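As a plain string of letters, each chain reads:
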Amino acid sequence: MQQFEPQQFATWAEPVDMLYACHSKVKRFCKQLQILPAYLAEHGVNQAVKNDVQQILTYFNVSAPLHHEDEERDFFPALVAVYPQAQEQIDALESQHIHLHQSWDALAIQLKELLEDKRNSVDEALIKRFISGYDLHIPLEEPLFELGKEYLSQEKLAEIGQVMAERRKIKG
């Protein structure tokens, strides 16, 4: 039976907890990606690999971009409005989002080809570049989540959570 961390039970009423929950999923999928090349070398492309790769593709093609939208359109602007000192860090994080998406786009091509039986391995350098991007990004971003908890009102957080939920109804 899988152990669940408390943040996996986050709700839209607590948008900061949802942002943390997304990071938790990113970390889990990055761990899966990290072991993928060795697994493929030993076991080849099997249905278990395809199932995992499909979950990873879905997450980083759909959920991760929505998470970045949540931050860039709603959370970061709200935070800067009450804590302007965060702007420089937010600018750096938003630039990192661009690089994360570029790294993902390159990796996603190979993962999709794996699902389509067009390849039987994935470039480890692409995986490392993608994972290292998140390894740098998450520790810089999460302190802003804490600032949001500290400086944003419950009303503003609830409003942000509602917008995040609506975004998923529209695009999800």
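Residues numbered from 1 in each chain as written. Predicted model: local features only at pLDDT ≥ 70, side-chain atom pairs only at ≥ 80, totals over all residues. Heavy atoms only, no water.

The name recorded for the chain in an unreviewed UniProt entry is Hemerythrin HHE cation-binding domain protein, from Haemophilus parahaemolyticus HK385.

Our next topic: the environment of L57. On the secondary structure map, L57 appears in helix α2 (residues 47–82). For L57, a relative accessible area of 6% puts it in the buried group. In sequence terms L57 and Q110 are 53 residues apart; their C-alpha atoms lie 11 Å from each other. The contacts of L57, once residues within four sequence positions are left out, are W104, A108, L111, K112 and L115. (Helix = DSSP H or I, 4+ residues; strand = E, 2+ residues; numbered from the N terminus. Buried < 20%, exposed > 50% of the residue type's maximum accessible area, 1.4 Å probe, protein only. Contact = heavy atoms within 4.5 Å.)

All told, the structure shown has 13 salt bridges when counted by the stated rule. The partner of D117 in a salt bridge is K50, with the nearest N and O atoms 3.0 Å apart. Of the two residues, D117 sits in the loop between α3 (87–115) and α4 (124–151) while K50 sits in helix α2, which places them 67 residues apart along the sequence. For D117, a relative accessible area of 55% translates into the label exposed. On the accessibility criterion, K50 (18% relative accessible area) is buried. Salt bridges sharing common partners tie together E69, D70, R73, D74, R167 and R168. (Salt bridge = Lys/Arg side-chain N within 4 Å of Asp/Glu carboxyl O.)

A few words now on the nonpolar core. Formed by 27 residues in total, the largest nonpolar core has its most connected members in L33, L36, F60, W104, L107, L111 and Y134. For this core, the secondary structure elements donating two or more residues are α1 (15–43), α2, α3 and α4. Excluding residues that lie within four positions of it along the chain, F60 makes contacts with V26, F29, P65, W104, F130 and Y134. Core analysis: the next-biggest nonpolar cluster, separate from the first, contains 20 residues, L19, Y20, I90 and L152 among them. (Core = buried A, V, L, I, M, F, W, Y, C linked by side-chain atoms within 4.5 Å.)

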